Amino acid sequence: MSTQVPESETETETEAEPAGESHQERRMAEKAAKREYRDAEKKAEAELRAAEESVHLKVFRYDPEVEDKQEPRFDDFYVPYTKGMTVLDALMYARDHYDSSLTFRHSCRQAVCGSDAMFVNGRQRLCCKTQLSEMAEPVRIEPLPHQDVVKDLVVDMEHFYDQMHAVEPYFQSEDVPKEEQRQSRENREKIKMSTRCIWCGACMSSCNIAAGDNEYLGPAAINKAYRFYMDEREDEEELKEHRLRILEQEHGVWRCQTQFSCTEVCPKDIPLTEHIQELKREAVKNNLKFW
Amino acid sequence: MYEHDVIVVGGGGAGLRAAIAAQEEGADVAIVTKLHPVRSHTGAAEGGINAALREGDDWELHAYDTMKGSDYLGDAPAIETLAQDAPEEVFQIEHWGMPFSREEDGRVSQRPFGGLSFPRTTYAGAETGHHLLHTMYEQVVKRGIQVYDEWYVMDLAVTDEETPEDRSCHGIVAYDVQSGEIAGFKANDGVILATGGPGQAFDHTTNAVACTGDGYAMAYRAGVPMEDMEFVQFHPTTLPSTGVLISEGVRGEGGILYNADGERFMFEHGYANNDGELASRDVVSRAELTEVNAGRGFEDEYVMLDMRHLGEERIVDRLENILHLAEDFEGVDGLKEPMPVKPGQHYEMGGIETDENGHTCIDGLYAAGETACVSVHGANRLGGNALPELIVFGARAGTHAAGGDLGEAQIETGERGDIEYDDTELPYQPGEVGMDTGGVAADGGAVAADADAVVEREVEAQRERVATLMERDEGVQHSQIRADLQKTMTKNVNVFREEEGLKQALRDIREIREAYQDVYVDDPSRTFNTDLQQTIETRNLIDVAETITLGALVRTEFRGAHWRAEHQERKDDEWLKHTLVGWNDGDPTIFYRPTILEGENKTYEPKERSY
């Protein structure tokens, strides 16, 4: 696709217009000719694709209820490739055309609902924003590691949600507003990245510590706590200490060993590890006891 | 059987706000959602929330702009309620922690949006919906409101008196997606439908895959009329490859549109000589398609949206999300290149007919958010008016369902009051086919005595329905049916509409309904059976698509988003009225109710909409 800015004068046709044919008509004729050409090109392209351009997916399958899927296995799918196709597009194609029992979560397909985080070619990714063209073949698609598999690519998210809820992720005050609270631009900037979390669970799945310690709050929940701790609109000392007490418990911030895997896989580029370190510093500064 | 005072179906913006309001009113509330609340499509909203917060602006101006934008098809009591309640609601969510963009003095920022006479759109970058959704979900967590996530609601449990206005809703039937368990949920005080839009009826849409019109279809089959469904908003700036939305905020900040000849066509071709790119969405969408049809588009498909001149600092500050979307989904660097855009289905202005308290004509049944038509958007929704609708009418529905006093509603509902019936000849009989009514409760049979029995009867009906779908070994799959439906809707019921195309769509929908008689579920598992869920969703899409098409065929005028080839003028003498389609036990009836133009202090006189 050409995304060049057109010159303001694109009237390159220098030939005299044939009498009786308006500019508009000529344009329409040109358009028709162009369309014909493009259709032919598309057809040729489709034929070529059918012949060779398909993408090989290796997809994890498991269903506790279906006899031949109780033993986990990988299925192969060959999906016709079109430019711009994402891993999610390919999965949907495979489901809609080859096997309607292929199961995975997805919804917004624009990287904001967070439901299609999976393990693609050995890394946690959001399928909807992962271009197939960037993946080596065969594209290996598995459910998020370290989580119970419900079926095929669907994992149980309950534990993740529990950890998110454990940090009391909400403003505590009960006041009835007459107007907005003030927040400086600097402060909004400070919390901005932390508020982008879409709860996809990629970070938690990539974290070795969380894999070994089921009670560890994990990067997403700690980031959520950061978002509230750092927000100047909730600035009562008592509340801040309350939040720190949650964070510096045995399975809180000190469990993080700064391996950066959460930061690496975050599809929203949230500097998770940094946020955890900052909260460790806050805990020290407040001179609260270690475990 | 589960039991709560108020049951909210849907965990998006309207559902969460309704649940909070009902809980504040003292009710025991539960949210039942087929996703998890944070996965809801409200999270994809980008632009902002309109509210008159500042000196120089007031609710009356907001109401006026909204009425004008609606092309005088909004109801004044609803529009004025929206404009009056929005500021308080915005302050409320700010206090709940919403990370709004800020001015130097720390107050929330506002920016200009299309069709607004004052820059009254508050926003949080270009990801306002994401922050709104998460902020409200946090409050739901704080209050300990029970959430049944990944429970798919299949139908309503409604009594079956002859006329819908005599019926009562006593609950819902849902199944646990993870286990396949089908269960009844009894609602002592009310059921609130907040299930979002039906964008999946079209194949190029900004809507999530989950937006399958479930609430519309359930209410419709229970007997609530669908109002003004022909008014489908097409957003002028969606990415051509995927339908991903590029916020109106880009144009609000000064982004420009140009065609393949390099012309800033909104001005140069006279589509909107004053407001240019910031004319309302219907105007810009038609302008873009007219350019493409005249051969001045790129690749015969799209135009360009350019924001480079805004400068990196401003773009990153206010539109950063747009850079990511353009990069991830179109491979375009918005700082260096213009973005390809074309119109895509975006929002259903019509919906479940409700009054300004969110109440439908069925006792105990409410609707809020996109799925409802309180009638604030009329024939065309202004950018930035969807999010205040969610919170204002979500809150009102929640309060009212829980027994709060909001005063007498001025908007009438159902087949009563000042209505007239339509006599357009239809090319095919719309509505029910054969025996599969999708377990509609309202079948004119014996009236069940108590609430438990109504819910239990519906649970049985849904169990049978699922058993039938699962037992079939062959037939047609939902994916084929859905694709056929999307194809005819996109071809015939799009931005530009012609009589013959609309009739063709109705004939196609009839065939699609017949094909649906043979639908089957291939996946034999009860565990997380998305095949089953999508099969049921597809039935809902068929019903919704038919109401859209019926409305579009009978409305022989050009108003707001509804353009008709054969009728190129707004006909106020004839058409200052709402289109209503009642399911009528599978034999749809079309009728009309006059638009209410009398507001609190004034009457809104229809004027020409110029931008």
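Residues numbered from 1 in each chain as written. Chains lettered and ligands numbered in written order. Predicted model: local features only at pLDDT ≥ 70, side-chain atom pairs only at ≥ 80, totals over all residues. Heavy atoms only, no water.

1. What about the overall build of chain B?
Secondary structure assignment for chain B yields 15 helices and 22 strands. Relative to the globule expectation of 25 Å for 611 residues, the C-alpha radius of gyration of chain B, 23 Å, shows essentially globular dimensions. With the C-alpha coordinates of chain B rotated into their principal frame, the extents come out at 65 × 50 × 50 Å. Taking all 611 residues of chain B together, 71% fall into the buried category. In the form shown here, chain B has an accessible surface area of approximately 17,800 Å², with 42% of it arising from carbon and sulfur atoms. (Helix = DSSP H or I, 4+ residues; strand = E, 2+ residues; numbered from the N terminus. Rg over C-alpha atoms; globule rule 2.2 N^0.38 Å. Buried < 20%, exposed > 50% of the residue type's maximum accessible area, 1.4 Å probe, protein only. Areas by Shrake-Rupley, 256 points an atom, 1.4 Å probe, with all protein chains shown as cover.)

2. A few points about the pairing of strand β14 (residues 339-348) of chain B
Residues and elements named next belong to chain B. The element β14 is extensively covered by neighbouring structure, given that 10 of its 10 residues are classed as buried. The sheet contact formed by strand β11 (residues 232-238) and β14 spans five bridges and is antiparallel. The partner of His235 across the bridge, within β14, is Gly344. Summarising the sheet, strand β13 (residues 303-306) and β14 pair through three bridges and their orientation is antiparallel. Bridging across to β14, Met304 finds its partner in Pro340. (Pairing = 2+ DSSP bridges.)

3. Digging into a negative patch on the surface
Residues and elements named next belong to chain A. A contiguous patch of negative charge on the surface is contributed by Glu186, Glu232, Asp235, Glu236, Glu237, Glu238 and Glu241. With three residues, helix α8 (residues 237-247) is the single largest residue contributor to the negative patch. With respect to the helices and strands, Glu186 occurs in helix α4 (residues 185-192). Taking relative accessible area as the criterion, Glu186 reaches 58% and is therefore assigned exposed. (Patch = residues over 30% accessible without salt bridge, like charges linked within 9 Å, V, L, I, M, F, W, Y side chains within 5 Å. Salt bridge = Lys/Arg side-chain N within 4 Å of Asp/Glu carboxyl O. Lys, Arg positive; Asp, Glu negative; His and termini not counted. Charge placed at Lys NZ, Arg CZ, Asp CG, Glu CD.)

4. A look at the interface of chain A and chain B
Contacts between the two partners involve 75 residues from chain A, matched on the other side by 89 residues from chain B. Each partner contributes to the roughly 6,900 Å² buried at the junction of chain A and chain B, and carbon and sulfur atoms together form 45% of this total. When the area that chain A buries against chain B is broken down by residue, the three leading residues are Gln110(A), Glu180(A) and Arg185(A), summing to 11%. For the pair chain A and chain B, the number of links is 13 salt bridges. The salt bridge involving Lys192(A) is made with Glu320(B); its shortest N-O contact spans 3.3 Å. Viewed at the interface, chain B and chain A are joined by 49 residue pairs in polar contact (both at pLDDT 80 or more). It is helix α1 (residues 23-51) of chain A that contributes the most residues to the side of chain A that touches chain B, six residues altogether. Grouping the amino acids of the side of chain A that touches chain B by side-chain chemistry returns 27 nonpolar, 20 polar and 28 charged. (Contact = heavy atoms within 4.5 Å. Buried area = accessible area lost by both parts, 1.4 Å probe. Polar contact = N/O pair within 3.5 Å; in protein donor to acceptor, adjacent residues only side chain to side chain. Nonpolar A, V, L, I, M, F, W, Y, C, P; charged D, E, K, R; others polar.)

5. Overview of the UniProt feature "domain: Succinate dehydogenase/fumarate reductase N-terminal" (unreviewed entry) in chain A
UniProt records the feature "domain: Succinate dehydogenase/fumarate reductase N-terminal" (unreviewed entry) for residues 56-161 of chain A in the present numbering. From the first C-alpha to the last, residues 56-161 of chain A spans 34 Å; its make-up is 14% helix and 29% strand. (UniProt positions renumbered as here; feature names shortened; annotations may be inferred.)

6. A word on the pattern of salt bridges
According to the stated counting rule, one finds 77 salt bridges over all chains in the structure shown. Of the charged contacts in the structure, one is a salt bridge between Asp213(A) and Arg255(A), with a shortest N-O distance of 2.8 Å. Of the two residues, Asp213(A) sits in the loop between α6 (208-212) and α7 (218-229) while Arg255(A) sits in the loop between α8 and α9 (261-265), which places them 42 residues apart along the sequence. Put simply, Arg555(B) and Glu230(B) hold a salt bridge, and the shortest N to O gap is 2.6 Å. Here Arg555(B), found in the loop between α14 (530-554) and β20 (563-564), pairs with Glu230(B), found in the loop between β10 (226-227) and β11; they are 325 residues apart in sequence, far enough to count as distant. For Arg555(B), a relative accessible area of 0% corresponds to the buried category. Relative accessible area serves as the criterion here: at 0%, Glu230(B) is assigned to the buried category. Bridged by salt links that share partners, the residues Asp71(B), Asp228(B), Glu230(B), Asp282(B), Arg286(B), Arg555(B), Glu557(B), Arg559(B), Arg570(B), Asp572(B) and Arg609(B) form one connected network.

7. Looking at the sheet that holds strand β21 (residues 577-582) of chain B
All names here are of chain B. As summarised here, the arrangement of the six strands in space is β17-β15-β10-β21-β22-β18, forming an open sheet in which the pairing is mixed. If you trace the sheet from one side to the other, it starts and ends with β17 (372-373) and β18 (420-421), each paired once. Looking at chain direction, β18 and strand β22 (residues 589-594) are connected through two bridges and run antiparallel. Along β22, the bridge assignment pairs Tyr421 with Phe591.

8. Section: the state of the cysteines
Residue and element names in this part refer to chain A. Tallied over the full model, the rule gives zero disulfides over all chains. We note that Cys108 lacks a disulfide partner, and the nearest cysteine sulfur, in Cys113, lies 3.8 Å from it. The class of Cys108 is buried, set by a relative accessible area of 3%. Overall, the relative accessible area of 3% leaves Cys113 in the buried class. (Disulfide = S-S within 2.5 Å.)

9. Description of helix α2 (residues 59-69) of chain B
All names here are of chain B. By the burial criterion, the buried members of α2 are His62, Ala63, Asp65, Thr66, Met67, Lys68 and Gly69. In the core, the buried residues of α2 are packed alongside β3 (49-50) and α3 (76-95). Among the residues of α2, the N-terminal cap falls to Asp58, whose side-chain oxygen and the backbone nitrogen of Glu60 are separated by 2.8 Å. Just downstream of α2 lies Asp71, where phi reads positive at about 60 degrees.

10. Points about the UniProt feature "domain: FAD-dependent oxidoreductase 2 FAD-binding" (unreviewed entry) in chain B
Taken from the UniProt record, the annotation "domain: FAD-dependent oxidoreductase 2 FAD-binding" (unreviewed entry) applies to residues 5-387 of chain B. Structurally, residues 5-387 of chain B comprises 28% helix and 21% strand, and the distance from its first C-alpha atom to its last is 26 Å.

11. Some points on the nonpolar core
Residues Leu57(A) and Ile141(A) are the most contacted members of the largest nonpolar core, which totals 165 residues. At nine residues, the largest contribution of residues to this core is made by α3(B). Leaving out residues up to four positions away in the same chain, Ile141(A) has contacts with Leu57(A), Lys58(A), Val59(A), Phe60(A), Phe74(A), Val87(A), Leu91(A), Met118(A), Phe119(A), Val120(A) and Leu153(A). Core analysis: the second largest hydrophobic core is formed by 81 residues, Val154(A), Val32(B), Cys169(B) and Met470(B) among them. (Core = buried A, V, L, I, M, F, W, Y, C linked by side-chain atoms within 4.5 Å.)

12. Some thoughts on helix α13 (residues 499-516) of chain B
All names here are of chain B. Between its first and last C-alpha atoms α13 spans 26 Å; for 18 residues at 1.5 Å apiece the expected length is 26 Å, and the two agree. If you check which residues of α13 are buried, you get Gly501, Leu502, Ala505, Leu506, Asp508, Ile509, Arg510, Ile512, Arg513 and Tyr516. The secondary structure elements touched by the buried residues of α13 are α12 (478-492), β19 (496-497), α14 and β20. (Expected span 1.5 Å × (residues − 1).)

13. Points about the packing of helix α3 (residues 158-166) of chain A against α7(A)
Residues and elements named next belong to chain A. At a closest axis distance of 8 Å, the pairing of α3 and α7 adopts a crossing angle of 25 degrees. On the basis of the axis angle, α3 is roughly parallel to α7. Of the two possible hands of crossing, α3 and α7 adopt the one that is right-handed. Residues Phe160, Gln163 and Met164 of α3 lie in contact with α7, whose contacting residues are Ala220, Ala221 and Lys224. Residues belonging to the contact of α3 with α7 are distributed by class as follows: four nonpolar, one polar and one charged. (Axes fitted to C-alpha atoms, helices over the stretch in contact; angles between N-to-C directions. Parallel < 35°, antiparallel > 145°, perpendicular 65-115°, else oblique. Left-handed = near helix turned anticlockwise from the far one by under 90°.)

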